[in-house]
Amino acid sequence: MARKHNAFEDSAILNNSTYSMWFNRLYGVAINAFEWQGLPDSVDERYLEKMLFWYGQAIWFKDDVLNKELCLQCVPAGEFDIYGYPIRRQAASTYNGYINADLNESNSVIIYNNRTRTPDLDSVILFAKRLYECERTIDVNIKNQKTPGLIVCDEKTRLSLKNVYMQYDGNMPVIFANRTFDPNQLQYISTGAPYLVDKLQMQKGKYYSEALTYLGYESNASDKRERMLSSEIMTNLGVTESNRTNRLTSRQEAAAKISKMFNREVTVRFRSDLQLSQYTENMDKAMAAMESGELVIDDVTGEVITDE
């Protein structure tokens, strides 16, 4: 028969599960952000993005034995040029022990995750921990609403009180007590736990929105209920675009080098149907039209006012 967990073990399991849920959710978002086009069958896009997430760099080369182009984990092997690019590099597989140490700047291309050549791992861990803390605090706060008090009693009445609480916890419409039960022997202390779930949910939404913005996705972290001003929307989009291009530019530079070195057309784009750049352009046109008087927006309804 399986051993029953105690309260501390149950709490630890729930803590680990909650953190893992948030980490894996953000991890999935991060490695699914970019769409590579023109890849040969021998290059796995998911593995490529995993290497960039965990290590901040990957290496594209052709294996002369397999006669295939591969993209694996990059391990700098020393000897850097004047700009800090490793002249000698190695390719390694994290699964089967494959190593190719005969690589250099003439037969391979290093793909960096961003302009600082750093992985996203540390940042995602930070966001996942913040989200985990919010999630578990919500769980505790909800639990405290059900048991908002502390009962002080002597050892003799402890068992009786446990039986009474079991009836209460089981949602019994009537609670039965023994004739010897003396309520005057009890001391009830209120824990005074305020209901904070709504505020914590709002904070969790801000953390998640911040994480998505970091990964280059459009996300509004504002809790304003009224219509946002155009300038506020543009500011949010500017932050998103700066984070997105930081990661996208490094991939595009590598794609151009790969295309030239291996005589194929490889491109990469951010995987989004929201078309941030097009939206930004449309907002610029709308702002210009409003400033020139060609477009008038009702401040109350937000509707376009025409002369008709």
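Summarised in this report is the structure supplied together with it. (Residues numbered from 1 in each chain as written. Predicted model: local features only at pLDDT ≥ 70, side-chain atom pairs only at ≥ 80, totals over all residues. Heavy atoms only, no water.)

1. Let's talk about the packing of aromatic side chains
Logical step 1: One pass over the structure, following the stated rule, counts 16 aromatic pairs.
Logical step 2: Judged by centre distance (6.0 Å) and plane angle (50 degrees), the rings of Y47 and Y95 are tilted. One end of the pair, Y47, is in helix α2 (residues 45-55); the other, Y95, is in the loop between β4 (88-92) and β5 (99-104), with 48 residues separating them in the sequence.
Logical step 3: You can call Y47 buried: its relative accessible area is 10%.
Logical step 4: Residue classification places Y95 among the exposed residues on the basis of a relative accessible area of 60%.
Logical step 5: Here a set of aromatic residues connected by ring pairs shows up, and it is made of Y19, F23, Y27, F53, W54 and Y132.
Logical step 6: Sitting over the face of the ring of Y85, R117 holds its NZ or CZ atom 4.2 Å from the ring centroid.
Logical step 7: It is K257 that lies over the ring of Y85; its NZ or CZ is 5.4 Å from the centre. (Phe/Tyr/Trp six-rings, centres within 6.5 Å; stacked < 30°, edge-to-face > 60°. Helix = DSSP H or I, 4+ residues; strand = E, 2+ residues; numbered from the N terminus. Buried < 20%, exposed > 50% of the residue type's maximum accessible area, 1.4 Å probe, protein only. Lys NZ or Arg CZ within 6 Å of the ring centre and 35° of its normal.)

2. Overview of the layout of surface pockets
Logical step 1: Estimates place the volume of the second largest pocket at around 370 Å³.
Logical step 2: Along the wall of the second largest pocket there are 17 residues; nearest its centre are Y85, V109, I110, Y112 and K257.
Logical step 3: Mapped by element, the contributors of at least two residues to the lining of the second largest pocket are β6 (108-112) and α6 (230-262).
Logical step 4: Class assignment of the residues belonging to the lining of the second largest pocket gives a composition of 7 nonpolar, 3 polar and 7 charged. (1 Å grid on protein atoms, 1.4 Å probe; cavity = no way out; pocket = protein on both sides within 12 Å on 5 of 7 lines; lining within 4 Å. Points joined across faces, edges and corners; volume = space filled by probe spheres on them. Nonpolar A, V, L, I, M, F, W, Y, C, P; charged D, E, K, R; others polar.)

3. Some details on the nonpolar core
Logical step 1: Ranked by internal contacts, the top residues of the largest apolar core, which has 47 residues, are W36, F53, W60 and I111.
Logical step 2: Considering every element that reaches this core, the biggest residue donor is helix α1 (residues 7-31), with 7 residues. (Core = buried A, V, L, I, M, F, W, Y, C linked by side-chain atoms within 4.5 Å.)

4. Looking at the sheet that holds β5
Logical step 1: Taken in spatial order, the 5 strands make up an open sheet running β5-β4-β3-β2-β6, and their pairing is antiparallel. The open sheet has two free edges, formed respectively by β5 and β6, since each of these has just one partner strand. The average angle at which neighbouring strand axes cross in this sheet is 40 degrees, direction not considered.
Logical step 2: Where strand β2 (residues 57-63) and β6 come together, 5 bridges link them in antiparallel fashion. Of the residues in β6, the one forming a bridge with A58 is I111.
Logical step 3: Of the strands in this sheet, β2, β3 (68-76), β4 and β6 touch α2, which is tilted by about 5 degrees from β3. (Pairing = 2+ DSSP bridges. Axes fitted to C-alpha atoms, helices over the stretch in contact; angles between N-to-C directions. Contact = heavy atoms within 4.5 Å.)

5. Structural notes on the side chain of K50
Logical step 1: Within the secondary structure, K50 is located in helix α2.
Logical step 2: Buried within the structure, K50 lacks any salt-bridge partner; D44 is the closest side chain of opposite charge, at an N-O distance of 8.2 Å.
Logical step 3: A polar contact of 2.6 Å, which involves the side chain of K50, links it to the side chain of Y95.
Logical step 4: Those residues within four positions of K50 in sequence are excluded, and the remaining contacts are Y27, I31 and Y95. (Lys, Arg positive; Asp, Glu negative; His and termini not counted. Salt bridge = Lys/Arg side-chain N within 4 Å of Asp/Glu carboxyl O. Polar contact = N/O pair within 3.5 Å; in protein donor to acceptor, adjacent residues only side chain to side chain.)

6. Looking at the pattern of salt bridges
Logical step 1: For the structure on display, the rule yields 10 salt bridges.
Logical step 2: Across the salt bridge formed by R271 and E45, the nearest N and O atoms sit 2.9 Å from each other. With R271 in the loop between β9 (267-270) and α7 (276-292) and E45 in helix α2, the pair connects residues that are 226 residues apart, well separated along the chain.
Logical step 3: Of the charged contacts, one joins R244 and E218 as a salt bridge, the two residues approaching to 3.2 Å between their closest N and O atoms. With R244 in helix α6 and E218 in the loop between α5 (197-214) and α6, the pair connects residues that are 26 residues apart, well separated along the chain.
Logical step 4: With a relative accessible area of 10%, R244 lands in the buried category.

7. With respect to the packing of helix α3 (residues 121-146) against α5
To characterise two packed helices, one gives the angle between the axes of the helices and the distance between these axes.
Logical step 1: Taken N-terminus to C-terminus, the directions of α3 and α5 make an angle of 165 degrees; their axes are 10 Å apart at the nearest point. For the element pair α3 / α5, the angle class is roughly antiparallel. Judged by the twist between their axes, the crossing of α3 over α5 is left-handed. Contacts between α3 and α5 pair S123, F127, R130, L131, C134, E135, T137, I138, N141 and I142 from the former with V197, L200, Q201, Q203, K204, Y207, Y208, E210, A211 and Y214 from the latter. (Parallel < 35°, antiparallel > 145°, perpendicular 65-115°, else oblique. Left-handed = near helix turned anticlockwise from the far one by under 90°.)

8. Here's the deal with a nonpolar patch on the surface
Logical step 1: Residues I82, Y83 and Y85 make up a contiguous nonpolar surface patch of roughly 400 Å² in combined accessible area.
Logical step 2: Along the chain, I82 turns up in the loop between β3 and β4. (Patch = residues over 30% accessible without salt bridge, like charges linked within 9 Å, V, L, I, M, F, W, Y side chains within 5 Å. Areas by Shrake-Rupley, 256 points an atom, 1.4 Å probe, with all protein chains shown as cover.)

9. Re the pairing of β9
Logical step 1: Burial along β9 is one-sided: the residues V268 and F270 are buried and none of T267 and R269 is.
Logical step 2: Across 4 bridges, strand β1 (residues 34-37) lies against β9 in antiparallel orientation. Across the sheet, residue E35 finds its bridge partner in β9, namely R269.

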